[in-house]
Amino acid sequence: MNKTTIVANPPLKRRAWSKIPFQKVEARKWISPLLIPLVILIIWQLFGQFGEVSKTVLPTPFDIATATYKLILSGELVMHLKISTIRALSGFLIGAAAGLIAGIAVGFSTRTEEVLDPTLQMLRTIPHLAVAPLFILWLGFGEASKVLLIAKGAFFPIYVNTFLGIRGVDAKLFDVARIFHFNTWQKIKLLIFPSALPNVLLGIRLSLGAAWLSLVVAELMGSTEGIGYMMMDARQFSNTDIVFVGIILFALGGKVTDSFVRLLEKWLLRWQDTYKGTM
Amino acid sequence: MSIQVWITDKSFQNGVATVPVLQNIQLDIEEGEFVTIIGPSGCGKSTLLKIIAGLDEDYKGTVKFNDQETERGFIFQEHRLFPWFTVEENIALNLPLKDRQIRQKIDELVDIVRLKGFEKAYPKELSGGMAQRVAIARALLREPKVLLLDEPFSALDAFTRKHLQDVLFEIWKSKQITMILVTHDLDEAVYLGTKLVIMNAKPGRISKTIPVHLPFPRQRAHASFQEMRQKVLEEFEKNEASLFIKS
Ligand SMILES: Nc1ncnc2c1ncn2[C@@H]1O[C@H](COP(=O)(O)OP(=O)(O)OP(=O)(O)O)[C@@H](O)[C@H]1O
Ligand SMILES: [Mg+2]
């Protein structure tokens, strides 16, 4: 019974679907991801207003909004955000560039792999919190130690994925390259690079995420400016609402950069034929 | 342009064991011939083609082209298009698409394989038959003197297969390319071949070479066609019987 309706319906359904005005479909796409956060916010606000919860434990969304507004007015927010962004970005660029280069070097040569990869894999397993004190000892509390920590975080995802991408090139396409007399540069440009690109982009996405995480660690460890510092400072004075502002900023920052790379992926990988999640 | 294939031994290392795949293969191919090779699965047909194409150099014996620089084209069982390139980019690959001469040739080929309007499509947007036609155009752009085809139509439906067989026939007739086609399809072998090579397995050898003198274009329903088909089939069955006795 079910089966027959499924078989009979699709053309009809599709037509009905396409009749829904474009804006509505577009709107649905924007609203869907906001639904759950919205519900949580409303419950949270009601809970804070009518429940007996102290503001230092759980400020309401409204409190947090007010705190944000005040921070914007005083210029603190922009100042902290700017310094944090510069840190995250410069750390990411250094780490990602190094990771990309190392991934390419190791991907293209088993000799380099044998020499370099074991060491890098060992370093990869060292947690941030374990090396942070060392970086501070060496480089002090200044920018260098923070940027280095972020770079370390950003290095590995892109290194591992670039390596993986290059080694994942379909050997059958190499036969094609041989038949048509590709030279080395053509092999890299026409075959290896495009084939590895999905992995490289994934690496970039993960590296960006790692850069944000490392930023938090770096700024919480000790700093005099930045979003992490703003949160630490607020915690000391039990300004829980500002702590929440910090959390939200980190979440938003992560989301914005991630969306940017996903947009890039959509464009660069438009040739990909993969499951789009429409069952 | 003629080819002399003489492979005394080709083996694969399977763990510690050495598995002989081809033995005493002797095959002379004249310019402009259409050689079709048939044989049971695993008898080494793909391996033989790869050796002739120069993709596999690890064997004992020689493959002589009277001109060693002979341009060889290869069409694989799967289309092996580059998924990140469009149809026209796939045909051009390492040749400059912007070059006027090449552009013109590509347009011509796209016409021949009937893919007008799909130049900017990605492989994911093509059917199996269309993708295989792109692969044919890609091989032809290089103007090979020899075209090696490894079961190029085996994954296609009967209708598309027939169409592409005719496309291939037209190309062979008009461009005088020497063709070496591996196939599982007896009809295909008799329909296209001027020389039919039957192989048997374990290890792969050539059991018989049959010249096919039927005039082109061939009629599948014709009595002479059926007769030839029957002859090849009998040869096949003889092989199987001898295999049976041996084991
Ligand atoms: N790379 C390889 N390593 C080890 N053994 C191989 C390799 N390639 C092929 N063989 C073996 O060589 C034999 C011949 O393989 P080949 O692919 O040439 O057969 P085929 O005649 O083309 O078969 P089919 O008609 O199924 O395509 C098979 O037994 C296979 O197991
Ligand atoms: Mg094969």
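Counting starts from 1 at the beginning of each chain's written sequence and moves along it residue by residue. Whichever chain is written first becomes A and whichever ligand is written first becomes 1, with later ones labelled in order. Reporting of local features is limited, given that this is a predicted model, to residues whose pLDDT is at least 70; pairs of side-chain atoms are given and counted only at 80 or more, and all residues count toward the totals for whole chains, interfaces and linings. The side-chain quantities take in all heavy atoms of the structure and omit both hydrogens and water.

## A closer look at the UniProt feature "domain: ABC transporter" (unreviewed entry) in chain B
- UniProt positions are given in the numbering used here, feature names are shortened, and annotations may be inferred rather than shown by experiment. Using the residue numbers shown here, the UniProt feature "domain: ABC transporter" (unreviewed entry) corresponds to residues 5-226 of chain B.
- The numbering of helices and of strands both runs from the N terminus, where a helix is a DSSP run of H or I of at least 4 residues and a strand a run of E of at least 2. Secondary structure content for residues 5-226 of chain B is 32% helix and 28% strand, while the C-alpha to C-alpha distance between its ends is 30 Å.

## Topic: the interface of chain B and chain A
- Contacts between the two partners involve 23 residues from chain B and, on the opposite side, 18 residues from chain A.
- The buried area of a pairing is the accessible area, by a 1.4 Å probe, that goes missing from both parts when the two are put together, added over both. Carbon and sulfur atoms supply 64% of the area that chain B and chain A bury against each other, a total of about 2100 Å² over both sides.
- Among the residues of chain B in contact with chain A, B:Trp84, B:Asn94 and B:Lys124 are the three that bury the most area, contributing 33% of the side total.
- Definition used for salt bridges: Asp or Glu carboxyl oxygen within 4 Å of a side-chain nitrogen of Lys or Arg. Linking chain B with chain A are 4 salt bridges.
- With a closest N to O distance of 3.9 Å, A:Arg178 and B:Glu57 form a salt bridge.
- N or O atoms within 3.5 Å of each other form a polar contact, as long as, within protein, one can give a hydrogen and the other can take it, and as long as residues adjacent in sequence are counted only when both atoms are side-chain atoms. Summed over the shared surface of chain B and chain A, the number is 11 residue pairs in polar contact (both at pLDDT 80 or more).
- Of all the secondary-structure elements, those providing two or more residues to the side of chain B that touches chain A are helix H1 (45-53), strand E5 (72-75) and helix H4 (128-141) of chain B. In what follows, residue pairs with any heavy atoms lying within 4.5 Å of each other are defined as contacts.

## Some points on the layout of surface pockets
All names here are of chain A.
- Volume-wise, the largest pocket comes out at about 1100 Å³.
- When contributions to the lining of the largest pocket are tallied by element, the ones reaching two or more residues are helix H3 (22-50), helix H10 (184-221) and helix H12 (240-268).
- Considering each element in turn, the lining of the largest pocket owes the most residues, 6 residues, to H12.
- For this scheme, ten residues count as nonpolar: Ala, Val, Leu, Ile, Met, Phe, Trp, Tyr, Cys and Pro. Four count as charged, namely Asp, Glu, Lys and Arg, and the remainder, Gly too, count as polar. Tallied by class, the residues present in the lining of the largest pocket amount to 7 nonpolar, 3 polar and 10 charged.
- In this structure, the second largest pocket encloses a volume near 420 Å³.
- For the second largest pocket, the lining is made up of 15 residues, of which Pro 37, Leu 41, Ile 248, Ala 251 and Leu 252 are closest to its centre.
- Broken down by secondary-structure element, the contributors of at least two residues to the lining of the second largest pocket are H3, helix H4 (61-74) and H12.
- With 7 residues, H3 is the single largest residue contributor to the lining of the second largest pocket.
- For the lining of the second largest pocket, a count of residues per class yields 13 nonpolar, 1 polar and 1 charged. Cavities and pockets were defined on a 1 Å grid built from protein atoms only: a cavity is a group of points that admits a 1.4 Å probe but offers it no way out, a pocket is an open group of points flanked by protein on both sides within 12 Å along at least five of seven lines, and a lining residue is one with an atom within 4 Å of any such point. Grid points are joined across faces, edges and corners, and a volume is the space filled by probe spheres set on the points.

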